[in-house]
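Each chain is listed here by its residues.
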Amino acid sequence: MSVAAMTLQLDGMTVSVETGGTSRKAKLTIDRDGSLQLKAAPDIEQAELEHFLASKRGWIYRKLAEKQSLRQESVVKELVDGEGFLYLGRSHQLRIVDTEDHRVRLQRGKLNLPRALAEPGYDHLIGWYRTAGLTWLKPRAKDWAKRLHVVPLQIEVADLGNKWGSASPSGRVRIHWATMQLRPALVEYVLAHELTHLREAHHGPAFWQLLTRAMPDSDQRKSELAAAGAHVWQGKSA
Ligand SMILES: [Zn+2]
């Protein structure tokens with residue numbers, strides 16, 4: 001079977017395939033937004049491409065992890081009953097509620113948004129991620145700081161654009177509110193990663209060594225984080 005315009009799947013990631021040219025060698029590239037492209041000769045077999053792609057799995061995860069950024073896949077949300085919002089890896093249905101209480105709350109698995117707050121929109125939900133997230137992060141930051149022998153000055157939850165987290169030399173560690181949608185093991189990876197930066201500013205061997213010593217499965221988490229980024233909402237409305 002020859003390959004026309006097509007896509008392949010790898011671990012839930014979509015790889016667009018472009019055929020043409022004269023090169024016999026297939027070529028895989030990763031865009032800035034983390035999307036994968038495969039260029040191949042027109043007469044190459046699909047099975048051969050799939051095999052090639054699978055052989056690149058390690059490289060793909062490494063590259064995606066290096067980007068260490070949220071992928072701009074534009075997950076959009078609507079402020080309607082039933083819309084799903086992730087928190088710590090679990091999806092919670094939004095419920096617009098008539099209540100005097102003007103606070104976003106997670107109750108019995110539902111994310112309750114008072115009707116009065118539903119109009120101006122997402123700020124209140126994002127605000128909820130920030131407050132709930134900070135409460136969740138604080139004790140864990142303490143644990144990881146102890147394990148990494150660092151003393152963070154301040155932990156914050158903020159909007160960090162396309163970064164999961166940041167750390168400043170002054171000791172301020174910030175975690176993107178969108179990170180709070182990921183499962184706990186991945187949020188803790190981001191947290192531990194940023195805390196490690198308080199000792200090693202750059203991603204050199206010493207940095208990875210410190211992080212791995214404190215978190216032996218950090219490599220695995222790093223790869224998962226790269227793949228999970230696609231499902232994270234960054235505050236974009238429908
Ligand atoms: Zn880093």
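Residues numbered from 1 in each chain as written. Predicted model: local features only at pLDDT ≥ 70, side-chain atom pairs only at ≥ 80, totals over all residues. Heavy atoms only, no water.

On to the overall build of the chain, then. On a plain count of helices and strands, the chain comes out with seven helices and 11 strands. By principal-axis analysis of the C-alpha atoms, the chain measures approximately 65 × 45 × 25 Å. Of the contacts made within the chain by residues no fewer than 6 positions apart, 52% connect residues no fewer than 24 positions apart. Summed over all atoms, the accessible surface of the chain reaches about 12900 Å², with 49% contributed by carbon and sulfur. Side-chain charges in the chain split into 34 positive and 27 negative, and the spacing between the mean points of these groups amounts to 7 Å. (Helix = DSSP H or I, 4+ residues; strand = E, 2+ residues; numbered from the N terminus. Contact = heavy atoms within 4.5 Å. Areas by Shrake-Rupley, 256 points an atom, 1.4 Å probe, with all protein chains shown as cover. Lys, Arg positive; Asp, Glu negative; His and termini not counted. Charge placed at Lys NZ, Arg CZ, Asp CG, Glu CD.)

It is worth spelling out the coordination of the zinc ion at this point. Think of it this way: four donors in a tetrahedron around the metal ideally sit 109.5 degrees apart, and six in an octahedron ideally sit 90 or 180 degrees apart. Within the protein, H193 (NE2), H197 (NE2) and H203 (NE2) serve as the donor atoms for the zinc ion, at 2.0 Å. Between consecutive donors of the zinc ion, the numbers of intervening residues give the motif H-x3-H-x5-H. Residue classification places H193 among the buried positions, given a relative accessible area of 2%. Residue H197 is classed as buried on the basis of its relative accessible area, which comes to 16%. (Donors = N, O, S within 2.8 Å, 3.2 Å for Na, K, Ca; no water. Buried < 20%, exposed > 50% of the residue type's maximum accessible area, 1.4 Å probe, protein only.)

This brings us to the domain arrangement of the chain. Many structure descriptions define interface size as the accessible area lost when the parts assemble. Entries for the chain in the domain assignment read domain 1 (6–67) and domain 2 (84–231). If you average the C-alpha positions of domain 1 and of domain 2, the two centres end up 31 Å apart. (Domains from an automatic or database assignment.)

We now examine the pairing of strand β5 (residues 84–87). The pairing of β5 with strand β6 (residues 90–97) spans four bridges and is classified as antiparallel. Paired with F85 across the bridge in β6 is H92. The hairpin formed by β5 and β6 contains two residues between the paired strands, and L88 there has a positive phi angle of roughly 50°. (Pairing = 2+ DSSP bridges.)

So, about the sheet that holds strand β11 (residues 172–176). Taken together, three strands build an open sheet; the order of strands is β9-β11-β10 and the sheet is mixed. The outermost strands of the open sheet, each flanked by one partner alone, are β9 (154–158) and β10 (165–167). Strand-to-strand twist across the sheet, computed as the mean angle between neighbouring axes with direction ignored, equals 15°. Of the strand pairs in this sheet, β9 and β11 are connected by five bridges, and their pairing is parallel. By the bridge assignment, I155 is partnered in β11 with V173. The strands that helix α4 (residues 122–148) touches are β9 and β11; relative to β9, the one it contacts most, it runs at about 150°. The strands touched by helix α5 (residues 184–196) are β10 and β11; relative to β11, the strand with the most contacts, the crossing angle is about 155°. (Axes fitted to C-alpha atoms, helices over the stretch in contact; angles between N-to-C directions.)

Under the criterion given, the structure shown has seven salt bridges. The shortest N-O distance in the salt bridge between D217 and R221 comes to 3.0 Å. For D217, a relative accessible area of 35% gives the class partly exposed. Classification of R221 by relative accessible area gives buried; the value is 14%. What you see here is one network of salt bridges that share partners, running through D101, R103 and R105. (Salt bridge = Lys/Arg side-chain N within 4 Å of Asp/Glu carboxyl O.)

This paragraph deals with the pairing of strand β1 (residues 6–10). Here β1 shows one buried face, formed by M6, L8 and L10, and one open face, formed by T7 and Q9. Note that β1 and strand β2 (residues 13–19) share five bridges and pair antiparallel. Across the sheet, T7 pairs through a bridge with S16, a residue of β2.

What follows concerns the sheet that holds β5. As summarised here, the arrangement of the four strands in space is β5-β6-β8-β7, forming an open sheet in which the pairing is mixed. Of all the strands in the sheet, the pair left with one neighbour each is β5 and β7 (105–107). On average, each strand axis in the sheet is tilted by 40° relative to the strand beside it, whichever way the strands run. Relative to strand β8 (residues 110–114), β6 runs parallel, the two sharing five bridges. The residue of β8 that forms the bridge with L94 is L111.

Turning our attention to the packing of α5 against helix α6 (residues 205–214). Interaxial distance between α5 and α6 falls to 10 Å at its minimum, and their mutual angle equals 130°. Looking at the two axes, α5 sits oblique to α6. In this structure, α5 crosses over α6, and the sense of that crossing is right-handed. Of the residues in α6, those in contact with Y189, A192, H193 and T196 of α5 are F207, W208, L210 and L211. Considering only residue class, the contact of α5 with α6 consists of six nonpolar, two polar and no charged. (Parallel < 35°, antiparallel > 145°, perpendicular 65-115°, else oblique. Left-handed = near helix turned anticlockwise from the far one by under 90°. Nonpolar A, V, L, I, M, F, W, Y, C, P; charged D, E, K, R; others polar.)

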